[in-house]
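Read off the chains here:
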Amino acid sequence: MELSNKEWEIEENRLERINGVIKNQLNDSENSRKKVFNQGMQIGRDFWDNDITVPENSFDLKAIVDITQNLQAVKKEQQKVEITSNAIRKLKLLQDNLYFGRIDFQECGIDEKESIYIGGGTLIDKLDILIYDWRSPVCGMFYEHEMGEADYECPEGQIEGEITLKRQYSISDGKIKYMFNTDLKIDDDILQKSLSNNCDENMRTIIKSIQKEQNRVIRNKNEDVLIVQGPAGSGKTSIALHRAAYVLYKYRERGLKSDNIVIFSPNEIFNDYISEVLPELGENKISQTTFMEYAMDSLRRNLSIEDGYEQMEQILSGKGSQSYKLRRESIMFKGNLEYQRIIRRYIKYLEENTMNFKDIWFKEWLIITGEELNDLYYNTYGKWPIKHRYKEMIKDIECRIDQKNIKKLRLEQIEKELDEDNQYCYEGNDLIKDVFNREMVTFRNYIKSLLSINEVQVYKKLVGDKVLFNKMASGIELPGNIIDILRSTFKNLNNNRVIFEDITPLLYIKHSLGNIRNMTHIKYVIIDEAQDYSPFQYKLFKQLFPKAGFTILGDINQSINPYVNTLDYNIIANIFNNKSSNIIELHKSYRSTKEISEFTKRIINNEKIINVSRVGEKPRLIEVSDYEDRIKKIKVDIESMVKSGLESIAIICRTASTASKVYRDFKGIEGIDINLIKKEDEKFKSGINIAPSYLSKGLEFDGVIIFDGDKHVYSNEEERLLFYTICTRALHRLSIYYKENPTKFIDAIDDELFI
Ligand SMILES: Nc1ncnc2c1ncn2[C@@H]1O[C@H](COP(=O)(O)OP(=O)(O)OP(=O)(O)O)[C@@H](O)[C@H]1O
């Protein structure tokens, strides 16, 4: 709807006021930052000029108080600088993206209606709220309601009323480029415009066009466990990050900070890709990690640990062999909850049954009897994890060494022994003390080795002892080749090798023994690509983060590893059975054009997926005669994509070894600047990339070229979801290359859906 000149004038005047207010606030903040910075510098200078130092080992109370006070003052000034710098950063962000929406809301029982302008942050001038943060309760109505009756919940309760106007804006360089009234949902112009853009090197925020179903996840009231299933491109990662921003906003007053939130994502490249969303939303970066990074930090340094990609590569390349079958069974068995039960029983067994301590002597002195040790282990400290019991028992032994006056007695004894033996010639007590200290080091090391527990040894004992394993597994159905699985697990552990599916049991054992601390400071955990974690991994997450709420987002149809998937979100909900959980399903997909989306949803035969995106070209199936022809045709394809304005293009190969070969072949071609995505990469580069299938997950590209969409390459039914996942990475163009026959996964797709 065209807006009148009068309307334009009103809006432009208001915008001018806002620009002025921001400019003034920025000036004030800059000045106050300078001031506090100078104050801080002055305190620092005085500190050094007055030479306030405390001599080493001094107990001069006045000097210590002086120094502490000065340090506190410097710290306070630093905090003030940080606060003003943050305010400046937020104001600048707001200046660049003022506001994008407005609703006029007439609250029931109140005469005056209020115009609420919605932007990336809050702007207040005196008592007037000029821009509302998109996360504030009242702004929820912008995403949730159309014109007419509307309500929202705020700390004071439910507010009801009517939306009498809904307007959207495009503002840049402090000027309104366009604006329009809309009584529709926000999946119109602004959304379409945003979706038709090329993708960036970094993921973007979507606050201007968050959709109703997405908003319900972002603002969901369930703070315990929220599980979201959504098709490829439904905005799960975007939602995850916007939810983190929302939670930070909502609980800021309760002290929630960005370092209390952690997000688990599939790999470092993906971490880099999403890293700018929160800063763009005015928040500090939250801690982003991968399961593998966590495992590497937590397990022993001397272990050689396989990552999920090596596991994946083995699954993709070892089909049919005996070792492949064993591996498949091992992955499936070790990821499930039955295996976790076996290990839980085993830990309990260790805690309750196995110890039979012997008397401990130092030379001729009995320090503690086996009976006393048993009593400490099973009774005094019996409620604690084994590691903590040992720690306390070592403290008790130390006490007894003191109580029994062992040092004095032994020093006398050593002196006597040395005197009796004429070959020693010494003066003073140094030699005697040295001898005693050495003896004590040896004794303490012996105690430590006696009272320590190592997760690898513990795990090895379980898988290396068939009788013990069967006892722990009683009543649990085991795979037919369990003996081989156990044998190979034992062999690996014996060689200090941990294969990917053994990481979770090992971490679980380590945690249960008390060798990993709970991360109680983490209050919110976000797990993206949730379908890639096994039920056992969820058990571990629950243990590691006992004080956290969870948002878990995934797509069952993108389970690229057929043997590690959660299959059913109810299983996850059950795992967190002490917390309330909600499962929300999304149905709309935004990433790909209608044509690509129609094509891809038929790969998995899922008619429920609704595409809200723009029109584009149909996917193309391209036959080649041989390898050279494939490279030649792909080169032409890339050139045509670049010519039509696409900026990021991915050639996706099934395995890493094919990707490396193709990369080498393309590297030699003039005029094409190409990058190979490797699992150890930490940065995501836009442009033309070659990637193995499993590393492209979560990412998106303007154009996607499936390098080896041949019948014999993607032949195994278990890889259907992998094929679906890689095709759904495309925004605007999708080409699938094959020789002789394409993969059977497209057999059921109507001919008119591709060219
Ligand atoms: N409401 C929205 N407004 C604008 N763009 C959106 C919206 N929702 C999603 N998008 C865009 O759609 C694309 C897909 O989003 P995202 O990667 O978050 O989806 P996903 O569900 O995590 O995908 P996948 O499971 O396939 O990895 C992104 O480019 C994102 O910016």
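Residues numbered from 1 in each chain as written. Predicted model: local features only at pLDDT ≥ 70, side-chain atom pairs only at ≥ 80, totals over all residues. Heavy atoms only, no water.

Caption draft 1: View of unusual backbone geometry. Phi is positive for N496, close to 60°, though the residue is something other than glycine. Tracing the sequence through the fold places N496 in the loop between helix 19 (482-494) and strand 14 (497-498). If you check the backbone angles, E740 has positive phi at about 65° while not being a glycine. With respect to the helices and strands, the residue E740 is situated in the segment after strand 25 (730-739). Under the relative-accessibility criterion, E740 is labelled exposed at 57%. (Helix = DSSP H or I, 4+ residues; strand = E, 2+ residues; numbered from the N terminus. Buried < 20%, exposed > 50% of the residue type's maximum accessible area, 1.4 Å probe, protein only.)

Caption draft 2: A look at empty space enclosed by the protein. Considering all chains together, one arrives at 4 cavities of 30 Å³ or more under this definition. By volume, the largest cavity amounts to about 90 Å³. Along the walls of the largest cavity sit Q311, I331, K334, G335, F500, E501, T504, S534, Q537 and V564, which together make up its complete lining. Secondary-structure elements contributing two or more residues to the lining of the largest cavity are helix 11 (322-335) and helix 20 (500-513). A per-class count over the lining of the largest cavity returns 3 nonpolar, 5 polar and 2 charged. A volume near 70 Å³ is recorded for the second largest cavity. For the second largest cavity, the full set of lining residues is A232, G233, S589, R591, S592, S597, T600, K601, I609, Y724 and T728. Among the elements that make up the lining of the second largest cavity, the one with the highest residue count is helix 23 (residues 594-603) (3 residues). Its residues assigned to classes, the lining of the second largest cavity comprises 3 nonpolar, 6 polar and 2 charged. In terms of domain composition, the lining of the second largest cavity takes at least three residues from each of domain 2 (212-300 + 517-589) and domain 4 (594-753). (1 Å grid on protein atoms, 1.4 Å probe; cavity = no way out; pocket = protein on both sides within 12 Å on 5 of 7 lines; lining within 4 Å. Points joined across faces, edges and corners; volume = space filled by probe spheres on them. Nonpolar A, V, L, I, M, F, W, Y, C, P; charged D, E, K, R; others polar. Domains from an automatic or database assignment.)

Caption draft 3: Spatial organisation of the UniProt feature "binding site: ATP" (unreviewed entry) in the protein. Per the UniProt record, the feature "binding site: ATP" (unreviewed entry) sits at G230, P231, A232, G233, S234, G235, K236 and T237. Put simply, the named residues that line the second largest cavity are A232 and G233. Within the secondary structure, S234 is located in the loop between strand 8 (225-229) and helix 6 (236-250). Counting through the fold element by element, T237 comes out in helix 6. Apart from residues lying up to four places away in sequence, T237 is in contact with M203, F270, I274 and D528. (UniProt positions renumbered as here; feature names shortened; annotations may be inferred. Contact = heavy atoms within 4.5 Å.)

Caption draft 4: A look at the site of the ligand. Around the ligand sit 24 residues, and of these S209, K236, S238, E700 and R729 come closest. Contact between the ligand and Q214: a nitrogen atom at 2.8 Å from a side-chain N or O atom of the residue. The contact in question runs from an oxygen atom of the ligand to an N or O atom on the side chain of R591, over 2.8 Å. Coverage of the ligand by the protein chains reaches 97% of its 630 Å² of free accessible surface. Counting residues per element, the ones that place at least two in the shell around the ligand are helix 4 (189-196) and helix 6. (Near = heavy atom within 4 Å. Polar contact = N/O pair within 3.5 Å; in protein donor to acceptor, adjacent residues only side chain to side chain. Areas by Shrake-Rupley, 256 points an atom, 1.4 Å probe, with all protein chains shown as cover.)

Caption draft 5: Expanded view of the sheet that holds strand 9 (residues 261-264). Read across the sheet, 6 strands follow the order 10-9-15-16-8-17 without closing on themselves; strand pairing throughout is parallel. Looking at the sheet topology across the chains shown, the edges are occupied by strand 10 (287-289) and strand 17 (581-585). Pairwise comparison of adjacent strand axes, ignoring direction, gives a mean angle of 15° for this sheet. One ladder, built from 4 bridges, connects strand 15 (residues 524-527) with strand 16 (residues 549-554); its direction is parallel. (Pairing = 2+ DSSP bridges. Axes fitted to C-alpha atoms, helices over the stretch in contact; angles between N-to-C directions.)

Caption draft 6: Local environment of the layout of surface pockets. What the second largest pocket holds in volume is close to 660 Å³. Together, 32 residues line the second largest pocket, and P266, M292, G308, Y309 and F500 are the ones closest to its centre. For the lining of the second largest pocket, the element with the most residues is helix 10 (residues 308-317), which contributes 5 residues. The residue inventory of the lining of the second largest pocket, partitioned by class, reads 12 nonpolar, 7 polar and 13 charged. Looking at which domains feed residues into the lining of the second largest pocket, each of domain 2 (212-300 + 517-589) and domain 4 (594-753) supplies at least three.

Caption draft 7: Spotlight on the packing of helix 13 (residues 370-380) against helix 14 (residues 386-403). For the pair helix 13 and helix 14, interaxial distance at closest approach is 9 Å and the crossing angle is 140°. As the angle between them shows, helix 13 and helix 14 are arranged oblique. Pair helix 13 / helix 14 crosses with right-handed handedness. Between helix 13, through E372, L373, L376 and Y377, and helix 14, the contact on the second element is made entirely by I386, R389, Y390, M393, D396, I397 and R400. (Parallel < 35°, antiparallel > 145°, perpendicular 65-115°, else oblique. Left-handed = near helix turned anticlockwise from the far one by under 90°.)

Caption draft 8: Structural context of helix 14. With 18 residues, helix 14 ought to run about 26 Å at 1.5 Å a step, and its terminal C-alpha atoms sit 26 Å apart, in line with that. For helix 14, the full list of buried residues reads I386, R389, Y390, E392, M393, D396, I397 and I401. Directly beyond the C-terminal end of helix 14, a positive phi value near 55° is found at N405. (Expected span 1.5 Å × (residues − 1).)

Caption draft 9: Representation of the packing of aromatic side chains. What the rule picks out here adds up to 34 aromatic pairs. Seen from their ring centres, Y99 and Y169 are 5.1 Å apart, and the 85° between their planes marks the pair as edge-to-face. With Y99 in the loop between helix 2 (61-96) and strand 1 (101-107) and Y169 in strand 6 (residues 157-172), this residue pair connects regions lying 70 residues apart in the sequence. Exposure class is identical for Y99 and Y169. Each is buried. Ring centres of Y377 and Y390 lie 5.9 Å apart, and the angle between their planes is 35°; this geometry places the pair in the tilted category. Remark: Y390 occurs in helix 14 and Y377 occurs in helix 13; sequence separation between them is 13 residues. Aromatic rings pair up to connect F264, F291, F500, Y533, Y538, F541 and F545 into one cluster. In this arrangement the basic side chain of R389 is found over the ring face of Y377, its NZ or CZ atom lying 4.6 Å from the centre. (Phe/Tyr/Trp six-rings, centres within 6.5 Å; stacked < 30°, edge-to-face > 60°. Lys NZ or Arg CZ within 6 Å of the ring centre and 35° of its normal.)

Caption draft 10: Quick peek at the packing of helix 11 against helix 20. Contact geometry of helix 11 with helix 20 gives a least axis separation of 9 Å together with a crossing angle of 30°. With respect to each other, helix 11 and helix 20 are oriented roughly parallel. The interaxial crossing formed by helix 11 with helix 20 has left-handed handedness. Along the contact surface, helix 11 presents R327, S330, I331 and K334, while helix 20 presents F500, E501 and D502.

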